[in-house]
Amino acid sequence: MNNCPSALAEPVTDDSHPLTQPFTGASPYDTYVHASVLNSLQHPLTEAPDEMGFLVTTQVMELWFTLIVYEWRSARVAFAKDDLRAAMDALVRSRRALTALNGAWAPIAALTPAQFNGFRAAFGQASGFQSAMYRHMEFLLGDKSSGMLRAHRGDPAVHEALAETYREPSLYDEVLAFLHRQGLPVPRSVRERDVTSPYTSEPGVVDVWRHIYAGPQHHPHLALGELLTDIAELVTRWRFEHVLVVRRAMGSKPGSAGSAGLAWLEKRAARPVFPELWEVRGDV
């Protein structure tokens, strides 16, 4: 018979633990994370049980947009300094954030039309494509649009911040400038293009990537190409997941902001990200 005192004989208490002692004001955790602020931002306008999930999902996505924009800007600065390692590190971090962003659809991905209609009228003319941070993402990808910028004129601070991203080279512009400085023949027309115009595929850039992909399979430039392809794929998957969520919840009804709804989303989802990286894959 075991005469040792049982671990269950003594009640477990944390009363003396430092973490259980009263805080002076807000907890250090809340002071750093601002959880109380985040947790106070959900204000459902209906009694529909699915509206809370919709609000939280949308707000979580906005936070992921913010992190992705931060990482892409960091990568862009690093490319401009020819610091490939720092640029790749930022892109890897953004890839993890994009993976989490795609997973954020789960709470609302299976809404039925009746469930969605239970709160849809509450957000009126609001639409996810009015998100300024998502627009920063698209501008950083080279998908520039003066019309999308103009839509934010009513909020001067938001408009000016977005206008700055609109006027600056995209992440991909900086990638191509970096490759040119590395001795690869990126065409002058690409290097000196109007960066406020939407980026479109250029045969000379296809040739650059073709040269990279035909070369050593462990070269840093090829690793860069694959990392950019990962990011392009994740962005595309997020867009098409958006299409599926809308198709399941509301079919082909007009969008809340007056767009054509599903048809408009499908058209935008098909826009290529880093197009030459996809074109070159059939040439290798």
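Residues numbered from 1 in each chain as written. Predicted model: local features only at pLDDT ≥ 70, side-chain atom pairs only at ≥ 80, totals over all residues. Heavy atoms only, no water.

Labelled according to an unreviewed UniProt entry, the protein chain appears under the name Tryptophan 2,3-dioxygenase, originating from Streptomyces phaeoluteigriseus. UniProt annotates the protein chain under Sequence similarities (unreviewed entry) with the comment "Belongs to the tryptophan 2,3-dioxygenase family." In the Catalytic activity (unreviewed entry) part of its UniProt record, the protein chain is described as follows: "L-tryptophan + O2 = N-formyl-L-kynurenine". (UniProt positions renumbered as here; feature names shortened; annotations may be inferred.)

Caption draft 1: Summary view of the packing of aromatic side chains. Under the definition given, this model contains 17 aromatic pairs. Consider the rings of Phe 54 and Phe 116, whose centres lie 6.2 Å apart with planes at 50°: the pair is tilted. Note that Phe 54 is positioned in helix 3 (residues 51-80) and Phe 116 in helix 5 (residues 113-117), a separation of 62 residues in sequence. In this structure an aromatic cluster arises from ring pairing among Phe 65, Trp 105, Phe 129, Tyr 134, Trp 238 and Trp 264. The lysine or arginine in question, Lys 144, covers the ring of Tyr 166, its NZ or CZ lying 6.0 Å from the ring centre. (Phe/Tyr/Trp six-rings, centres within 6.5 Å; stacked < 30°, edge-to-face > 60°. Helix = DSSP H or I, 4+ residues; strand = E, 2+ residues; numbered from the N terminus. Lys NZ or Arg CZ within 6 Å of the ring centre and 35° of its normal.)

Caption draft 2: Summary view of unusual backbone geometry. One non-glycine residue, His 34, adopts positive backbone phi at about 60°. Relative to the helices and strands, His 34 is located in the loop between helix 1 (28-33) and helix 2 (35-38). Its identity is not glycine, yet Asp 82 carries a phi of approximately 60°, on the positive side. Note on placement: Asp 82 falls in the loop between helix 3 and helix 4 (84-103).

Caption draft 3: How the structure looks around a nonpolar patch on the surface. There is a patch of nonpolar side chains on the surface, built from Tyr 29, Tyr 32, Val 33, Val 37, Leu 38, Leu 41 and Leu 63 and spanning about 720 Å² of accessible area. Of the residues forming the nonpolar patch, the biggest block, three residues, is contributed by helix 1. Among the structural elements, Leu 63 can be located in helix 3. Given the relative accessible area of 48%, Leu 63 is considered partly exposed. (Patch = residues over 30% accessible without salt bridge, like charges linked within 9 Å, V, L, I, M, F, W, Y side chains within 5 Å. Areas by Shrake-Rupley, 256 points an atom, 1.4 Å probe, with all protein chains shown as cover. Salt bridge = Lys/Arg side-chain N within 4 Å of Asp/Glu carboxyl O. Buried < 20%, exposed > 50% of the residue type's maximum accessible area, 1.4 Å probe, protein only.)

Caption draft 4: Seen up close, the UniProt feature "binding site: substrate" (unreviewed entry) in the protein chain. According to UniProt, the feature "binding site: substrate" (unreviewed entry) maps to Arg 120 in the numbering used here. Summarising the element assignment, Arg 120 is placed in the loop between helix 5 and helix 6 (132-140).

Caption draft 5: Representation of helix 8 (residues 156-167). For helix 8, with twelve residues, the first-to-last C-alpha span of 16 Å sits near the 16 Å given by 1.5 Å per residue. Taken as a whole, helix 8 has its buried residues at His 159, Leu 162, Ala 163, Thr 165 and Tyr 166. Across the axial projection of helix 8, the buried residues extend over an arc of 160°, all falling on one side. Opposite the buried face of helix 8, by more than 90 degrees, sit the exposed residues Pro 156 and Ala 157. (Expected span 1.5 Å × (residues − 1). Arc of directions from axis to C-beta.)

Caption draft 6: Geometry of the side chain of His 242. Structurally, His 242 can be placed in helix 12 (residues 220-250). Here His 242 falls in the buried class, since its relative accessible area comes to 13%.

Caption draft 7: Representation of the packing of helix 9 (residues 171-181) against helix 12 in the model. Two elements in contact, helix 9 and helix 12, have axes separated by 12 Å at closest approach and are oriented at 170°. On the basis of their axis angle, the class for helix 9 and helix 12 is roughly antiparallel. Facing Val 175, Phe 178 and Leu 179 of helix 9, the residues of helix 12 in contact are His 221, Leu 224 and Leu 228. (Axes fitted to C-alpha atoms, helices over the stretch in contact; angles between N-to-C directions. Parallel < 35°, antiparallel > 145°, perpendicular 65-115°, else oblique. Contact = heavy atoms within 4.5 Å.)

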